[in-house]
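Now for the letters of each chain:
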Amino acid sequence: MYKEVSEYRQFVNNLPEKIKKSTFKISGIIAKSGISKASFYKKMKNNTFSFEEVERISRLLYIEEEIQKEIQKGLEDIKHGRVMTLEESFKELKQKLKI
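The paragraphs below set out a description of the structure included in this document. This is a predicted model, so every value here is computed, not measured.

A closer look at the overall build of the protein chain
Right, so step 1: On a plain count of helices and strands, the protein chain comes out with five helices and zero strands.
Right, so step 2: Listing each helix as α and each strand as β along the protein chain from the N terminus yields α-α-α-α-α.
Right, so step 3: Along the first, second and third principal axes, the C-alpha set of the protein chain runs to 55 × 30 × 25 Å.
Right, so step 4: Within the protein chain, buried positions represent 19% of all 99 residues.
Right, so step 5: Just so you have it, the protein chain exposes about 8,100 Å², and 57% of that area is on carbon and sulfur atoms.

Shown next as C-alpha coordinates:
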(Lines give C-alpha, C1' and ligand atoms only; values in the text may rest on other atoms or scores of the structure.)
Protein backbone atom coordinates (compact mmCIF):
# COMPACT_ATOMS: atom_id res chain seq x y z
CA MET A 1 0.00 0.00 0.00
CA TYR A 2 2.88 2.36 0.69
CA LYS A 3 3.90 2.06 -2.95
CA GLU A 4 0.51 3.33 -4.13
CA VAL A 5 0.56 6.24 -1.70
CA SER A 6 4.09 7.10 -2.78
CA GLU A 7 3.11 6.97 -6.47
CA TYR A 8 0.08 9.16 -5.79
CA ARG A 9 2.24 11.69 -3.95
CA GLN A 10 4.70 11.75 -6.85
CA PHE A 11 1.84 12.18 -9.34
CA VAL A 12 0.37 15.08 -7.34
CA ASN A 13 3.80 16.69 -7.03
CA ASN A 14 4.20 16.51 -10.81
CA LEU A 15 0.66 17.69 -11.58
CA PRO A 16 1.42 21.44 -11.90
CA GLU A 17 4.16 20.67 -14.42
CA LYS A 18 1.86 18.33 -16.36
CA ILE A 19 -0.74 21.09 -16.48
CA LYS A 20 1.81 23.60 -17.77
CA LYS A 21 3.01 21.17 -20.47
CA SER A 22 -0.52 20.27 -21.55
CA THR A 23 -1.63 21.27 -25.02
CA PHE A 24 -4.98 22.20 -23.48
CA LYS A 25 -5.31 25.84 -22.51
CA ILE A 26 -5.13 26.39 -18.78
CA SER A 27 -8.41 28.34 -19.01
CA GLY A 28 -10.07 25.18 -20.35
CA ILE A 29 -8.63 23.05 -17.57
CA ILE A 30 -9.81 25.62 -15.04
CA ALA A 31 -13.32 25.63 -16.51
CA LYS A 32 -13.57 21.84 -16.51
CA SER A 33 -12.03 21.47 -13.04
CA GLY A 34 -14.78 23.48 -11.37
CA ILE A 35 -12.22 25.57 -9.47
CA SER A 36 -12.25 29.37 -9.63
CA LYS A 37 -9.38 30.91 -11.56
CA ALA A 38 -7.80 32.53 -8.49
CA SER A 39 -8.07 29.34 -6.44
CA PHE A 40 -6.72 27.24 -9.29
CA TYR A 41 -3.55 29.32 -9.64
CA LYS A 42 -3.07 29.39 -5.86
CA LYS A 43 -3.52 25.62 -5.64
CA MET A 44 -1.17 25.12 -8.56
CA LYS A 45 1.49 27.34 -6.96
CA ASN A 46 1.18 25.65 -3.55
CA ASN A 47 0.28 22.23 -4.96
CA THR A 48 -2.76 21.93 -2.70
CA PHE A 49 -5.35 20.33 -4.97
CA SER A 50 -7.85 18.08 -3.19
CA PHE A 51 -8.18 14.44 -4.19
CA GLU A 52 -11.38 15.20 -6.12
CA GLU A 53 -9.70 18.08 -7.97
CA VAL A 54 -6.70 15.90 -8.84
CA GLU A 55 -9.12 13.30 -10.14
CA ARG A 56 -10.98 15.78 -12.39
CA ILE A 57 -7.78 17.32 -13.74
CA SER A 58 -6.25 13.88 -14.30
CA ARG A 59 -9.23 12.81 -16.40
CA LEU A 60 -8.65 15.80 -18.68
CA LEU A 61 -4.94 15.09 -18.97
CA TYR A 62 -5.64 11.39 -19.64
CA ILE A 63 -7.97 12.32 -22.49
CA GLU A 64 -5.21 14.49 -23.92
CA GLU A 65 -2.72 11.61 -23.71
CA GLU A 66 -5.15 9.29 -25.50
CA ILE A 67 -5.72 11.84 -28.27
CA GLN A 68 -1.96 12.25 -28.71
CA LYS A 69 -1.52 8.45 -28.89
CA GLU A 70 -4.20 8.16 -31.58
CA ILE A 71 -2.64 10.99 -33.59
CA GLN A 72 0.75 9.30 -33.35
CA LYS A 73 -0.80 5.99 -34.41
CA GLY A 74 -2.39 7.71 -37.42
CA LEU A 75 0.92 9.29 -38.41
CA GLU A 76 2.60 5.88 -38.19
CA ASP A 77 -0.13 4.41 -40.39
CA ILE A 78 0.47 7.12 -42.99
CA LYS A 79 4.24 6.62 -42.78
CA HIS A 80 3.85 2.88 -43.43
CA GLY A 81 1.28 3.29 -46.19
CA ARG A 82 -1.66 1.98 -44.20
CA VAL A 83 -4.11 4.40 -45.77
CA MET A 84 -7.28 4.22 -47.85
CA THR A 85 -9.23 6.62 -49.99
CA LEU A 86 -12.38 8.32 -48.79
CA GLU A 87 -14.43 6.08 -51.07
CA GLU A 88 -12.80 2.96 -49.61
CA SER A 89 -13.50 4.24 -46.10
CA PHE A 90 -17.19 4.81 -46.89
CA LYS A 91 -17.47 1.39 -48.51
CA GLU A 92 -15.94 -0.29 -45.44
CA LEU A 93 -18.16 1.70 -43.11
CA LYS A 94 -21.28 0.77 -45.06
CA GLN A 95 -20.31 -2.89 -44.92
CA LYS A 96 -19.79 -2.71 -41.15
CA LEU A 97 -23.14 -0.95 -40.69
CA LYS A 98 -24.81 -3.22 -43.26
CA ILE A 99 -26.35 -0.34 -45.19
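This is not the end of the story, as more comes after the structure.
Examining helix α5 (residues 86-97)
Think of an α-helix as turning once every 3.6 residues; residues three or four places apart then point the same way.
Right, so step 1: Helix length check: α5 (12 residues) gives 16 Å between terminal C-alpha atoms against 16 Å at 1.5 Å per residue, within 8%.
Right, so step 2: K98 sits one or two residues past α5 and shows a positive phi near 55 degrees.

Structural notes on the packing of aromatic side chains
Right, so step 1: Considering all chains together, one arrives at three aromatic pairs under this definition.
Right, so step 2: With a centroid separation of 5.9 Å and an interplanar angle of 45 degrees, the aromatic rings of Y8 and F51 are classed as tilted. Of this pair, Y8 sits in helix α1 (residues 2-21) while F51 sits in helix α4 (residues 51-79), and the two are 43 residues apart along the sequence.
Right, so step 3: What makes Y8 partly exposed here is its relative accessible area of 34%.

Here we look at the environment of I67
Right, so step 1: Within the secondary structure, I67 is located in helix α4.
Right, so step 2: Residue class for I67 comes out partly exposed when judged on its relative accessible area of 41%.
Right, so step 3: In the structure, I67 is positioned 32 residues away from I35 in sequence and 24 Å away in space, judged by C-alpha atoms.

Some remarks on the nonpolar core
Right, so step 1: Among the nonpolar cores identified, the biggest contains 13 residues, and L15, I19, I29, F40, F49, I57 and L61 are the most heavily contacted of them.
Right, so step 2: Contact partners of F49, with chain neighbours within four places excluded, come to L15, I19, I35, F40, K43, M44, V54 and I57.

Let's talk about the side chain of E53
Right, so step 1: Tracing the backbone shows E53 in helix α4.
Right, so step 2: Within polar-contact distance, the side chain of E53 engages the side chain of K43 at 3.0 Å.
Right, so step 3: Among all residues touching E53, those that are not within four sequence positions of it are I35, K43 and T48.

Quick look at a nonpolar patch on the surface
Right, so step 1: Together, F24, Y62, I63, I67, I71, L75, I78 and V83 line one region of the surface with nonpolar side chains, adding up to about 760 Å² of accessible area.
Right, so step 2: Residue position: F24 is located in the loop between α1 and α2 (26-33).
Right, so step 3: Note on F24: relative accessible area 31%, which makes it partly exposed.

The rules behind these values
Residues numbered from 1 in each chain as written. Predicted model: local features only at pLDDT ≥ 70, side-chain atom pairs only at ≥ 80, totals over all residues. Heavy atoms only, no water. Helix = DSSP H or I, 4+ residues; strand = E, 2+ residues; numbered from the N terminus. Buried < 20%, exposed > 50% of the residue type's maximum accessible area, 1.4 Å probe, protein only. Areas by Shrake-Rupley, 256 points an atom, 1.4 Å probe, with all protein chains shown as cover. Expected span 1.5 Å × (residues − 1). Phe/Tyr/Trp six-rings, centres within 6.5 Å; stacked < 30°, edge-to-face > 60°. Core = buried A, V, L, I, M, F, W, Y, C linked by side-chain atoms within 4.5 Å. Contact = heavy atoms within 4.5 Å. Polar contact = N/O pair within 3.5 Å; in protein donor to acceptor, adjacent residues only side chain to side chain. Patch = residues over 30% accessible without salt bridge, like charges linked within 9 Å, V, L, I, M, F, W, Y side chains within 5 Å. Salt bridge = Lys/Arg side-chain N within 4 Å of Asp/Glu carboxyl O.

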